[in-house]
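# An overview of the molecular structure
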Amino acid sequence: MSDQVVYWCGAFVPKANVRVSPDDRAFLFGDGVYDVIRAIDGRLFRGADHIDRFSRGAAALDIDAGGLDVAAVAHELLARNGLEHGQATVYMQLTRGAAPRTHAFPRPAAPPSVYLAAQAFTPRRSSLDEGIRVITVPDVRWGRCDIKSICLLPNVLAAEQAMQAGAEEALFVRDGVVLEGAHTSFCAVLADVLVTAPLSNQILPGITRRVVLELAQRLGLPVREGPILRAELSRATEAFVTGTTTDVTPVISVDGQSVGSGTPGPVTRRIQEGLAEAFTELTP
């Protein structure tokens, strides 16, 4: 969108007019946090949860957003860009700002750099209907994966490795335990129980993951938040990944080995239907 309006450091401006300083600590250090919210017909899906996670990440990095009203800015961006009907995403990023390059925080603190942008979104129906293939990779990320940091080099490399292997996602494995995807949360059905890794510093607290657990409880599906061993994936009857832009996407093979029958299973379909209903309930 050549005429896309974004929010940059306190003002709504054409995206083409945004200029990022080479001294910005995002550029120099990856010193910042981000989040993405789904919007449907101009309304934010689980917006409060996303904003809370964004705020907690900023607080963990000791970055002051300066009283930013994310929800108000997001709704204004949706309106200004003609995205009040249909689906869209709102991206938000906060960095420590521009300052002379030193590893320690700048003193005095620099004004933070704040960026939000909204754009139209179309779900990948083929992936949702047919499922995707994934691979496993060693988890070489830092120790605070619960912070949605913009430092995503391991995720980028894992995603590229998956693409080169003809897969659509990579699952991080640490000490034999499957944690999450490069940009998704991961769930498997083992012995008729829906299992996903427990919240810790080793995974991101996914918002869609939370919705899935709520839906499973509502549907009466057995759930366990516990470790999923790489060695037991061969016994999984179903698996899927979740995320703001991936919804509930079935996983039909891991490292070339079929999951269950190699087709999306009934638990996955029920969760997909529940999420679709939640989206419908959000709209006016």
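Below: a short report on this structure. Quick caveat, the model's predicted, so the values are computed rather than measured.

About the thresholds
- Residues numbered from 1 in each chain as written.
- Predicted model: local features only at pLDDT ≥ 70, side-chain atom pairs only at ≥ 80, totals over all residues.
- Heavy atoms only, no water.
- Axes fitted to C-alpha atoms, helices over the stretch in contact; angles between N-to-C directions.
- Helix = DSSP H or I, 4+ residues; strand = E, 2+ residues; numbered from the N terminus.
- Parallel < 35°, antiparallel > 145°, perpendicular 65-115°, else oblique.
- Contact = heavy atoms within 4.5 Å.
- Nonpolar A, V, L, I, M, F, W, Y, C, P; charged D, E, K, R; others polar.
- Buried < 20%, exposed > 50% of the residue type's maximum accessible area, 1.4 Å probe, protein only.
- Lys, Arg positive; Asp, Glu negative; His and termini not counted.
- Salt bridge = Lys/Arg side-chain N within 4 Å of Asp/Glu carboxyl O.
- Polar contact = N/O pair within 3.5 Å; in protein donor to acceptor, adjacent residues only side chain to side chain.
- Phe/Tyr/Trp six-rings, centres within 6.5 Å; stacked < 30°, edge-to-face > 60°.
- Pairing = 2+ DSSP bridges.

## Examining the packing of helix 6 (residues 207-218) against helix 7 (residues 266-282)
Where helix 6 meets helix 7, the axes come as close as 10 Å, and the angle between the chain directions of the two elements is 110 degrees. Taken together, the axis directions place helix 6 and helix 7 in an arrangement best described as roughly perpendicular. Judged by residue contacts, T208, V211, V212, L215 and A216 of helix 6 engage I271, G274 and L275 from helix 7. Classifying every residue of the contact of helix 6 with helix 7 by side-chain character gives six nonpolar, two polar and no charged.

## Describing the side chain of D24
Tracing the chain through its elements places D24 in the loop between strand 2 (11-14) and helix 1 (25-29). For the buried D24, no salt bridge is present, and the opposite-charge side chain at shortest range is R25, 7.6 Å distant. Polar contacts involving the side chain of D24 include one to the main-chain amide nitrogen of A26, which spans 2.9 Å. The contact partners of D24, leaving out residues within four places of it in the chain, are T95, G97, A98 and S113.

## As for the packing of aromatic side chains
Across all of its chains, the model carries five aromatic pairs by this definition. Between Y7 and F12, the aromatic rings sit 5.2 Å apart at their centres with planes inclined by 65 degrees, giving edge-to-face as the arrangement. Assessed through its relative accessible area of 13%, Y7 is described here as buried. F12 sits in the partly exposed class, given a relative accessible area of 26%. Note on Y91 and Y115: the rings are 6.4 Å apart at their centroids and 55 degrees apart in plane angle, and the pair reads as tilted. With Y91 in strand 5 (residues 87-95) and Y115 in strand 6 (residues 113-120), this residue pair connects regions lying 24 residues apart in the sequence.

## Focus: the pairing of strand 2
Every other side chain in a regular strand lies on the same face of the sheet, so the side chains alternate between the two faces. Two elements, strand 1 (residues 5-8) and strand 2, share four bridges in a ladder whose sense is antiparallel. Within strand 2, the position partnered with Y7 by the bridge is F12. Connecting the antiparallel pair strand 1 and strand 2 is a turn made up of two residues, with C9 showing a positive phi of about 50 degrees.

## Observations concerning the sheet that holds strand 6
A sheet is described by the order of its strands in space; here six strands give the open sequence 2-1-6-5-3-4, paired in antiparallel fashion. The strands lining the two open edges of the sheet, one partner per strand, are strand 2 and strand 4 (43-45). Neighbouring strand axes in the sheet, compared pairwise and without regard to direction, differ in orientation by 30 degrees on average. Two elements, strand 5 and strand 6, share eight bridges in a ladder whose sense is antiparallel. Considered in strand 6, the bridge of M92 is made with L116. The sheet strands contacting helix 7 are strand 3 (32-40) and strand 4, and the helix crosses strand 4 at an angle near 155 degrees.

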